[in-house]
Amino acid sequence: MADQLRLIKKYPNRRLYDTQTSSYITLADVKELVLEHGVFQVVDAKTGDDLTRNILLQIILEEEAGGAPMFTSDLLSQMIRFYGNAMQGMMGKYLENNIKGFTDMQAKLQEQVRSVYGEKATVSQDLWAQFLNFQGPAMQSMMGAYMEQSKKMYAQMQEQLDSQTRNIFSGFQFPNFVAGFTPDKIDPEAPGAEPAGTPKK
(Lines give C-alpha, C1' and ligand atoms only; values in the text may rest on other atoms or scores of the structure.)
Protein backbone atom coordinates (compact mmCIF):
# COMPACT_ATOMS: atom_id res chain seq x y z
CA MET A 1 0.00 0.00 0.00
CA ALA A 2 1.40 3.38 -1.00
CA ASP A 3 2.32 5.75 1.83
CA GLN A 4 -0.30 8.39 2.55
CA LEU A 5 0.72 11.93 1.71
CA ARG A 6 1.87 13.69 4.86
CA LEU A 7 0.74 17.31 4.89
CA ILE A 8 2.91 19.90 6.61
CA LYS A 9 1.73 23.48 6.97
CA LYS A 10 4.06 26.43 7.17
CA TYR A 11 2.79 29.41 9.12
CA PRO A 12 3.79 33.10 8.77
CA ASN A 13 6.00 32.76 11.86
CA ARG A 14 8.00 30.17 9.84
CA ARG A 15 6.91 27.32 12.10
CA LEU A 16 6.09 23.97 10.49
CA TYR A 17 3.01 22.07 11.62
CA ASP A 18 2.69 18.32 10.92
CA THR A 19 -1.00 17.57 10.42
CA GLN A 20 -0.38 13.82 10.86
CA THR A 21 1.08 14.11 14.36
CA SER A 22 -0.76 17.36 15.21
CA SER A 23 2.46 18.94 16.41
CA TYR A 24 5.05 21.50 15.39
CA ILE A 25 8.22 20.11 13.81
CA THR A 26 11.62 21.47 12.83
CA LEU A 27 13.58 21.47 9.59
CA ALA A 28 15.65 18.61 11.04
CA ASP A 29 12.43 16.57 11.36
CA VAL A 30 11.63 17.22 7.70
CA LYS A 31 15.14 16.07 6.81
CA GLU A 32 14.47 12.82 8.69
CA LEU A 33 11.31 12.33 6.62
CA VAL A 34 13.39 12.71 3.47
CA LEU A 35 15.98 10.18 4.71
CA GLU A 36 13.17 7.75 5.53
CA HIS A 37 11.70 8.20 2.02
CA GLY A 38 8.53 9.65 3.52
CA VAL A 39 5.91 11.09 1.16
CA PHE A 40 5.08 14.62 2.24
CA GLN A 41 4.09 18.06 1.01
CA VAL A 42 4.72 21.43 2.61
CA VAL A 43 2.08 24.09 1.96
CA ASP A 44 1.59 27.68 3.01
CA ALA A 45 -1.01 27.62 5.79
CA LYS A 46 -2.58 30.86 4.53
CA THR A 47 -2.49 30.60 0.74
CA GLY A 48 -2.17 26.84 0.20
CA ASP A 49 0.84 27.34 -2.12
CA ASP A 50 3.18 24.37 -2.45
CA LEU A 51 6.42 25.15 -0.57
CA THR A 52 7.97 21.67 -0.71
CA ARG A 53 10.80 22.68 -3.05
CA ASN A 54 11.58 25.75 -0.95
CA ILE A 55 11.91 23.61 2.19
CA LEU A 56 14.06 21.01 0.42
CA LEU A 57 16.33 23.76 -0.93
CA GLN A 58 16.59 25.17 2.59
CA ILE A 59 17.69 21.75 3.89
CA ILE A 60 20.31 21.52 1.11
CA LEU A 61 21.55 25.01 1.97
CA GLU A 62 22.02 24.03 5.63
CA GLU A 63 23.80 20.82 4.62
CA GLU A 64 26.09 22.74 2.28
CA ALA A 65 26.94 25.18 5.07
CA GLY A 66 27.61 22.36 7.51
CA GLY A 67 31.29 21.90 6.68
CA ALA A 68 31.14 19.05 4.14
CA PRO A 69 29.64 20.61 0.99
CA MET A 70 28.70 18.43 -1.97
CA PHE A 71 28.73 21.18 -4.60
CA THR A 72 31.77 23.21 -5.57
CA SER A 73 31.56 26.92 -6.37
CA ASP A 74 32.27 26.15 -10.04
CA LEU A 75 29.42 23.64 -10.21
CA LEU A 76 26.98 26.05 -8.55
CA SER A 77 28.06 28.80 -10.97
CA GLN A 78 27.46 26.48 -13.92
CA MET A 79 24.00 25.61 -12.61
CA ILE A 80 23.10 29.29 -12.18
CA ARG A 81 24.09 29.97 -15.80
CA PHE A 82 21.50 27.44 -17.01
CA TYR A 83 18.63 29.47 -15.54
CA GLY A 84 16.88 31.34 -18.33
CA ASN A 85 18.85 29.33 -20.87
CA ALA A 86 17.13 27.26 -23.57
CA MET A 87 18.76 24.20 -22.01
CA GLN A 88 17.28 24.81 -18.53
CA GLY A 89 14.44 22.28 -18.75
CA MET A 90 16.54 19.59 -20.38
CA MET A 91 19.43 20.06 -17.96
CA GLY A 92 17.10 19.60 -14.99
CA LYS A 93 15.86 16.31 -16.45
CA TYR A 94 19.42 15.26 -17.32
CA LEU A 95 20.62 15.81 -13.74
CA GLU A 96 17.56 14.03 -12.35
CA ASN A 97 18.16 10.98 -14.55
CA ASN A 98 21.84 10.92 -13.65
CA ILE A 99 21.10 10.98 -9.92
CA LYS A 100 18.55 8.18 -10.39
CA GLY A 101 21.14 6.14 -12.30
CA PHE A 102 23.72 6.68 -9.57
CA THR A 103 21.17 5.77 -6.87
CA ASP A 104 20.32 2.54 -8.72
CA MET A 105 24.01 1.68 -8.91
CA GLN A 106 24.41 2.39 -5.19
CA ALA A 107 21.45 0.10 -4.40
CA LYS A 108 23.06 -2.73 -6.38
CA LEU A 109 26.31 -2.26 -4.47
CA GLN A 110 24.35 -2.35 -1.22
CA GLU A 111 22.79 -5.66 -2.24
CA GLN A 112 26.20 -7.13 -2.98
CA VAL A 113 27.53 -5.94 0.39
CA ARG A 114 24.64 -7.66 2.15
CA SER A 115 25.16 -10.86 0.18
CA VAL A 116 28.82 -10.93 1.23
CA TYR A 117 28.62 -9.67 4.82
CA GLY A 118 25.03 -10.51 5.80
CA GLU A 119 21.76 -8.62 6.04
CA LYS A 120 22.70 -6.76 9.21
CA ALA A 121 26.13 -5.64 8.03
CA THR A 122 26.98 -2.02 8.81
CA VAL A 123 28.21 -0.29 5.68
CA SER A 124 31.12 1.63 7.19
CA GLN A 125 33.86 3.37 5.24
CA ASP A 126 36.28 0.51 6.00
CA LEU A 127 33.71 -2.04 4.86
CA TRP A 128 33.18 -0.17 1.60
CA ALA A 129 36.95 -0.09 1.04
CA GLN A 130 37.23 -3.85 1.61
CA PHE A 131 34.23 -4.52 -0.58
CA LEU A 132 35.57 -2.46 -3.45
CA ASN A 133 38.95 -4.19 -3.22
CA PHE A 134 37.32 -7.60 -3.60
CA GLN A 135 34.58 -6.51 -5.99
CA GLY A 136 36.62 -4.47 -8.46
CA PRO A 137 35.29 -6.13 -11.64
CA ALA A 138 31.67 -5.85 -10.47
CA MET A 139 32.18 -2.21 -9.55
CA GLN A 140 33.83 -1.54 -12.90
CA SER A 141 30.94 -3.21 -14.73
CA MET A 142 28.29 -1.20 -12.88
CA MET A 143 30.21 2.03 -13.29
CA GLY A 144 30.51 1.29 -17.00
CA ALA A 145 26.76 0.72 -17.20
CA TYR A 146 26.18 3.99 -15.36
CA MET A 147 28.47 5.91 -17.71
CA GLU A 148 26.78 4.32 -20.71
CA GLN A 149 23.38 5.35 -19.36
CA SER A 150 24.69 8.86 -18.79
CA LYS A 151 25.98 8.98 -22.35
CA LYS A 152 22.61 7.86 -23.73
CA MET A 153 20.79 10.49 -21.69
CA TYR A 154 23.13 13.18 -23.02
CA ALA A 155 22.53 11.96 -26.58
CA GLN A 156 18.76 12.11 -26.01
CA MET A 157 19.15 15.63 -24.68
CA GLN A 158 21.09 16.62 -27.82
CA GLU A 159 18.40 15.07 -30.03
CA GLN A 160 15.71 17.03 -28.20
CA LEU A 161 17.70 20.23 -28.70
CA ASP A 162 18.16 19.50 -32.42
CA SER A 163 14.45 18.76 -32.76
CA GLN A 164 13.50 22.00 -31.01
CA THR A 165 15.91 23.95 -33.22
CA ARG A 166 14.37 22.44 -36.38
CA ASN A 167 10.87 23.25 -35.14
CA ILE A 168 11.86 26.83 -34.39
CA PHE A 169 13.37 27.51 -37.80
CA SER A 170 10.86 25.52 -39.87
CA GLY A 171 8.41 28.43 -39.62
CA PHE A 172 10.79 30.96 -41.14
CA GLN A 173 10.80 31.73 -44.88
CA PHE A 174 14.25 32.52 -46.23
CA PRO A 175 14.55 34.63 -49.46
CA ASN A 176 15.44 32.71 -52.65
CA PHE A 177 15.48 29.44 -50.73
CA VAL A 178 13.68 26.35 -51.94
CA ALA A 179 13.82 23.10 -49.97
CA GLY A 180 15.82 20.49 -51.87
CA PHE A 181 17.26 23.08 -54.29
CA THR A 182 20.66 22.42 -55.82
CA PRO A 183 22.44 24.31 -58.64
CA ASP A 184 22.15 21.23 -60.88
CA LYS A 185 18.34 21.36 -60.77
CA ILE A 186 17.63 24.72 -62.49
CA ASP A 187 14.16 24.90 -64.01
CA PRO A 188 14.69 25.50 -67.79
CA GLU A 189 11.26 27.21 -67.96
CA ALA A 190 12.11 29.68 -65.18
CA PRO A 191 12.50 33.35 -66.31
CA GLY A 192 16.11 34.19 -66.99
CA ALA A 193 17.21 30.57 -67.08
CA GLU A 194 19.74 29.74 -69.78
CA PRO A 195 18.76 27.03 -72.27
CA ALA A 196 20.30 23.64 -71.78
CA GLY A 197 23.65 23.25 -73.51
CA THR A 198 24.49 27.00 -73.36
CA PRO A 199 28.27 27.33 -73.10
CA LYS A 200 29.47 28.69 -69.79
CA LYS A 201 31.32 32.02 -69.93
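See the structure printed just above.
The following paragraphs examine the structure supplied in this document. Keep in mind the model is a prediction, meaning the values are calculated, not measured.

### Some thoughts on the packing of aromatic side chains
Going through the model one piece at a time under the given rule, you end up with three aromatic pairs. With centroids separated by 6.5 Å and ring planes inclined at 80 degrees, the aromatic side chains of Tyr11 and Tyr17 adopt a geometry described as edge-to-face. Judged by relative accessible area, which is 23%, Tyr17 ranks as partly exposed. A connected cluster of aromatic rings, assembled from ring pairs, spans Tyr11, Tyr17 and Tyr24. Across from the ring centre of Tyr24, 3.9 Å away, lies the NZ or CZ of Arg15, which sits over that ring.

### Some points on a nonpolar patch on the surface
Taken together, the side chains of Leu75, Leu76, Met79 and Leu95 present a nonpolar region at the surface, about 290 Å² in accessible area. Counting residues per element, the nonpolar patch draws most heavily on helix H3 (residues 73–82), which supplies three residues. When you line up the elements, Leu75 lands in helix H3. Assessed through its relative accessible area of 37%, Leu75 is described here as partly exposed.

### Comments concerning the nonpolar core
In this structure, Ile8, Leu16, Ile25, Leu27, Val30, Leu33, Phe40, Val42, Leu51, Ile55 and Ile59 together form the largest nonpolar core, which totals eleven residues. The set of elements that each furnish at least two residues to this core consists of helix H1 (27–35), strand E4 (40–44) and helix H2 (52–64). With sequence-adjacent residues up to four places away left out, Val42 is seen in contact with Ile8, Lys10, Leu16, Asp49, Asp50, Leu51, Thr52 and Ile55. Counting five residues, the second-largest nonpolar core is a separate cluster that includes Met87, Met90, Met91 and Met157.

### A short note on the side chain of Glu64
Tracing the sequence through the fold places Glu64 in helix H2. Buried charge Glu64 goes without a salt bridge, the closest partner of opposite sign being Lys31 at 11 Å.

### Details of the sheet that holds strand E1 (residues 6–10)
Overall, mixed pairing links the four strands, which are arranged E3-E2-E1-E4 in an open sheet. At either end of the open sheet lies a strand with only one pairing partner, and these are strand E3 (23–25) and E4. Direction aside, neighbouring strands of the sheet carry axes that sit 35 degrees apart on average. With three bridges connecting them, strand E2 (residues 16–18) and E3 associate as antiparallel partners. The residue of E3 that forms the bridge with Asp18 is Ser23. Running over the sheet, H2 touches E1, E2 and E4 and is turned about 105 degrees from E4.

### Digging into the packing of H1 against H2
Look at H1 against H2: their axes get within 10 Å of each other, and the N-to-C directions meet at 100 degrees. The orientation of H1 with respect to H2, classified from their angle, is roughly perpendicular. For the pair H1 and H2, contact is made by Leu27, Val30, Lys31 and Val34 and by Ile55, Leu56, Gln58, Ile59, Glu62 and Glu63, respectively. Of the residues that constitute the contact of H1 with H2, the class distribution is six nonpolar, one polar and three charged.

Parameters at a glance
Residues numbered from 1 in each chain as written. Predicted model: local features only at pLDDT ≥ 70, side-chain atom pairs only at ≥ 80, totals over all residues. Heavy atoms only, no water. Phe/Tyr/Trp six-rings, centres within 6.5 Å; stacked < 30°, edge-to-face > 60°. Buried < 20%, exposed > 50% of the residue type's maximum accessible area, 1.4 Å probe, protein only. Lys NZ or Arg CZ within 6 Å of the ring centre and 35° of its normal. Patch = residues over 30% accessible without salt bridge, like charges linked within 9 Å, V, L, I, M, F, W, Y side chains within 5 Å. Areas by Shrake-Rupley, 256 points an atom, 1.4 Å probe, with all protein chains shown as cover. Salt bridge = Lys/Arg side-chain N within 4 Å of Asp/Glu carboxyl O. Helix = DSSP H or I, 4+ residues; strand = E, 2+ residues; numbered from the N terminus. Core = buried A, V, L, I, M, F, W, Y, C linked by side-chain atoms within 4.5 Å. Contact = heavy atoms within 4.5 Å. Lys, Arg positive; Asp, Glu negative; His and termini not counted. Pairing = 2+ DSSP bridges. Axes fitted to C-alpha atoms, helices over the stretch in contact; angles between N-to-C directions. Parallel < 35°, antiparallel > 145°, perpendicular 65-115°, else oblique. Nonpolar A, V, L, I, M, F, W, Y, C, P; charged D, E, K, R; others polar.

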